[in-house]
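Topology and contacts: notes
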Amino acid sequence: MYHYTELPVAVIGAGPVGLAAAAHLLQRGLQPVVFERGSGPGSSLVEWGHVRVFSPWRYILDKAALELLEESGWSLPDPDALPTGSEIVQQYLVPLARLVARHIKYNATVHSVSRLGLDKVADDGRDRAPFTVRYRDESGAERRLTARAVLDASGTWLRPNPIGVDGLPVPGETSAGELISYGIPDVLGREREVYAGSSVLVVGSGHSAINAALALLELQKEHPKTSVMWGLRRDKIDKLLGGGLNDQLPARGALGVAAKEAIQSGRLQLRAPFSVESIARKGETLDIEAMVNGQRQSLHMQRIVVATGFRPDLHMLSELRIDLDVAVESPRRLASMIDPNLHSCGTVSPHGVDELAHPERDFFIIGSKSYGRAPTFLMATGYEQVRSVVAELAGDHVAARQVQLVLPETGVCSVTLSQLEAAPSAACCGGPAPVEVDACCAADLAAKSEGKSGCGCRTASEPQETEPVA
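What counts and how
In this numbering scheme, every chain counts its residues from 1 along its sequence in written order. This being a predicted model, a pLDDT of at least 70 is required before a residue's local features are given, and a value of 80 or more before pairs of side-chain atoms are given or counted; all residues contribute to the totals for chains, interfaces and linings. Only hydrogens and water are set aside when side-chain values are computed; all heavy atoms of the structure are taken into account. In this analysis, strands are considered paired if DSSP registers two or more bridges between them. Each helix is a run of H or I in the DSSP string that is no shorter than four residues. Each strand is a run of E no shorter than two, and both are numbered from the N terminus. In this description, a line fitted to the C-alpha atoms serves as the axis of each element, helices being fitted only across the stretch in contact, and the angle between N-to-C directions of two axes falls anywhere from 0 to 180 degrees. Here the nonpolar core consists of buried residues drawn from Ala, Val, Leu, Ile, Met, Phe, Trp, Tyr and Cys, with membership extended through side-chain atoms lying within 4.5 Å. Using a 1.4 Å probe on the protein chains alone, a residue whose accessible area is under 20% of its type maximum counts as buried, one over 50% counts as exposed, and one in between counts as partly exposed. Here a residue-residue contact requires only that any non-hydrogen atoms of the pair lie within 4.5 Å. Per residue, pLDDT measures the predictor's confidence, with a range of 0 to 100. What makes a salt bridge here is a side-chain nitrogen of Lys or Arg within 4 Å of a carboxyl oxygen of Asp or Glu, nothing more. Directions drawn from the helix axis to the C-beta atoms are what define this arc. Any pair of N or O atoms that falls within 3.5 Å is considered a polar contact. Within protein, one atom must be able to donate a hydrogen and the other to accept it, and sequence-neighbouring residues count only if both atoms are side-chain atoms. Between the rings of Phe, Tyr and Trp (Trp by its six-membered ring), a pair exists once the centres lie within 6.5 Å; its type follows the angle of the planes, with under 30 degrees stacked, over 60 edge-to-face, and the other angles tilted. Consider the ring centre and the ring normal. A charge sits over the ring if Lys NZ or Arg CZ is within 6 Å of that centre and within 35 degrees of that normal. In these notes the angle categories are as follows: under 35 degrees is roughly parallel, over 145 is roughly antiparallel, 65 to 115 is roughly perpendicular, and the rest is oblique. Throughout, the ten residues Ala, Val, Leu, Ile, Met, Phe, Trp, Tyr, Cys and Pro are labelled nonpolar, Asp, Glu, Lys and Arg are labelled charged, and all others, Gly among them, are labelled polar. A helix's residues, less one, multiplied by 1.5 Å, set its expected span.

Let's shift gears to the sheet that holds strand β14 (residues 295-301). With antiparallel pairing, the 3 strands of this open sheet are ordered in space as β12-β13-β14. Two strands lie at the open edges of the sheet, namely β12 (274-282) and β14, each paired on one side alone. Between one strand and the next, the sheet's axes are offset by a mean angle of 20 degrees, whatever the strand orientation.

Here you go:
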């Protein structure tokens, strides 16, 4: 029989949440072992390092990690500045990883987690048995680690959703893969030559999609033959426009403003509701059969950017007893709080160890993977998850349940494409403003009453200069 106090806590992933978990565990006197598939911390962030995030540094730094860094003489970035993925890695994760380096295994790919000597069906002594984490090291050799608990912070980056509205690849999608990118390609950097002068279809209904589209429009300024078409699966852009200046993450609001202006000026061709039916590669061109507002259309594009979100990889957990929502694929008790069918513009309620618990004692999915297929995860949420879970593992059950979470709100409302085209002011929240005041809507009036310049929603005749966030 193993003594749990002599075993480490396994943490899968050395991204922001995984390294925060290591910091909290060390702060509590527990020993972490962090598994990272890459050769350095934040390997997934490196892959989207060109993207500038919506959250300023103040929401990106975990408290326990910050305390550890400050003790080493590390300099705090401007808390109001918006970093790129690369800046988060270089200015935050790399210094943090150096401080906990002896607890990290790099080039270590975890492929399965189980209870020692027990398969999924076995009951006898299950809660008392330690975990076995199996992984491949840099040489490809099979290794294993025995752990008292496991925190899965592996994220979802490696499993992008396909282009099909049914959650599956459409016919021809796989074979045309060389001309299809997933996520947010670096069209203004290392992939500039690939996209310059090309016709590009961007598919997706989230901020990643409009981020990609706006970056392509920037490229269009230098290469006018670049054309951009944006396909939304639904006739709504409420999750994209943001709350303008009412959004407590200003970059997210600015992104919405820039999107509206691009649509209204005609620089960004919008198709909604839109679904791809099939893709056929013809040399360096893609013949795309699609349904647009119920009508079949044939499109001829040179590139496709699929920004339809991500999903968790659950294969490594197949021998564990985990309780996931059948739709969202998040822990069941968390699902109703983050379900995108129910939460399109509200804040996330505080949640911690109780909402993240599974029938498998001392196993937790944390970070963006805990959100399953829901696209609304913020780092600050993951840090509070970590604080609560680690407190529980340390035996501080009271602190584990004193969950507090303050997230920046957004002024997003539901707006259809037809409403935007017919009356741009409909994109504001709260309905129209009183006719006797200088405001485009109720949200604009509220923003101005608080001393702001407005909510960011303006008509086509009143353009607002905004630098797109890429």
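Further remarks concern the sheet that holds strand β5 (residues 131-136). The strand order across the open sheet built from 3 strands is β4-β5-β6, with neighbouring strands paired in antiparallel fashion. Of all the strands in the sheet, the pair left with one neighbour each is β4 (109-115) and β6 (142-147). Along the sheet, successive strands turn relative to each other by an average axial angle of 25 degrees, direction set aside. Where β4 lies against β5, 6 bridges are found, and the strand directions are antiparallel. Note on β5: the bridge partner recorded for Val-113 is Val-133.

Further remarks concern the nonpolar core. Ranked by size, the top nonpolar core spans 81 residues in total, and within it Ile-88, Tyr-92, Leu-151, Val-202, Trp-230, Leu-268 and Ile-366 carry the most contacts. Excluding residues within four positions of it along the chain, Leu-268 makes contact with Ile-210, Ala-213, Leu-217, Val-228, Trp-230, Ala-262 and Ile-263.

Before going further, it helps to spend a moment on the confidence of the model for the protein chain. Looking at the protein chain as a whole, its pLDDT mean stands at 84, while 79% of the residues score no less than 70. Scored below 50 in pLDDT, residues 243-248 shows 27 contacts in the model against residues more than four places distant or in partner chains. Counting contacts from residues 455-470, a segment whose pLDDT is below 50, to residues more than four positions away or on other chains yields 46 contacts.

Moving on to the pattern of salt bridges. Taken as a whole, this structure holds 22 salt bridges when the rule is applied. As a salt-bridge pair, Asp-152 and Lys-369 come within 2.7 Å of each other at their nearest N and O atoms. Here Lys-369 lies in the loop between β16 (363-365) and α11 (379-393) and Asp-152 lies in strand β7 (residues 149-152), a separation of 217 residues in the sequence. For the pair shown, Asp-152 and Lys-369 are each scored as buried. In this structure, Arg-190 engages Asp-186 in a salt bridge whose closest nitrogen and oxygen atoms are separated by 3.6 Å. We classify Arg-190 as exposed; its relative accessible area is 59%. Its relative accessible area of 11% is what places Asp-186 among the buried residues. Residues participating in the shared-partner salt-bridge network are Arg-115, Arg-126 and Glu-360.

All right, on to helix α3 (residues 63-71) then. Along α3, the positions that sit buried rather than exposed are Ala-64, Ala-65 and Leu-69. What you see down the axis of α3 is that its buried residues fit within an arc of 135 degrees, all on one side. Projecting away from the buried face of α3 at angles above 90 degrees are the exposed residues Lys-63 and Glu-71. Regarding α3, its N-cap is Asp-62, as a side-chain oxygen of that residue lies 3.1 Å from the backbone nitrogen of Ala-64 further along. Downstream of α3 by one or two residues, Gly-73 has phi in the positive range, about 90 degrees.

If you walk through the whole model with that rule in mind, you get 3 aromatic pairs. Seen from their ring centres, Phe-35 and Tyr-135 are 4.9 Å apart, and the 55 degrees between their planes marks the pair as tilted. Highlighted residues: Phe-35 in strand β2 (residues 32-35) and Tyr-135 in strand β5, separated in sequence by 100 residues. Over the aromatic face of Phe-131 sits the side chain of Arg-115, whose NZ or CZ is 3.9 Å from the ring centroid. For the cation-ring pair, Arg-303 lies above Tyr-195, with the distance from its terminal atom to the ring centre recorded as 5.1 Å.

Moving on to the packing of α3 against helix α4 (residues 85-99). At a closest axis distance of 10 Å, the pairing of α3 and α4 adopts a crossing angle of 75 degrees. Between α3 and α4, the interaxial angle falls into the category roughly perpendicular. The residues of α4 that touch α3, namely those facing Ala-65, Leu-68 and Leu-69, are Tyr-92, Pro-95, Leu-96 and Leu-99. The residue inventory of the contact of α3 with α4, partitioned by class, reads 7 nonpolar, no polar and no charged.

Attention now moves to helix α1 (residues 16-27). The terminal C-alpha atoms of α1, which comprises 12 residues, lie 16 Å apart, in line with the 16 Å expected from a rise of 1.5 Å per residue. A positive phi of about 80 degrees marks Gly-29, the residue just after α1.

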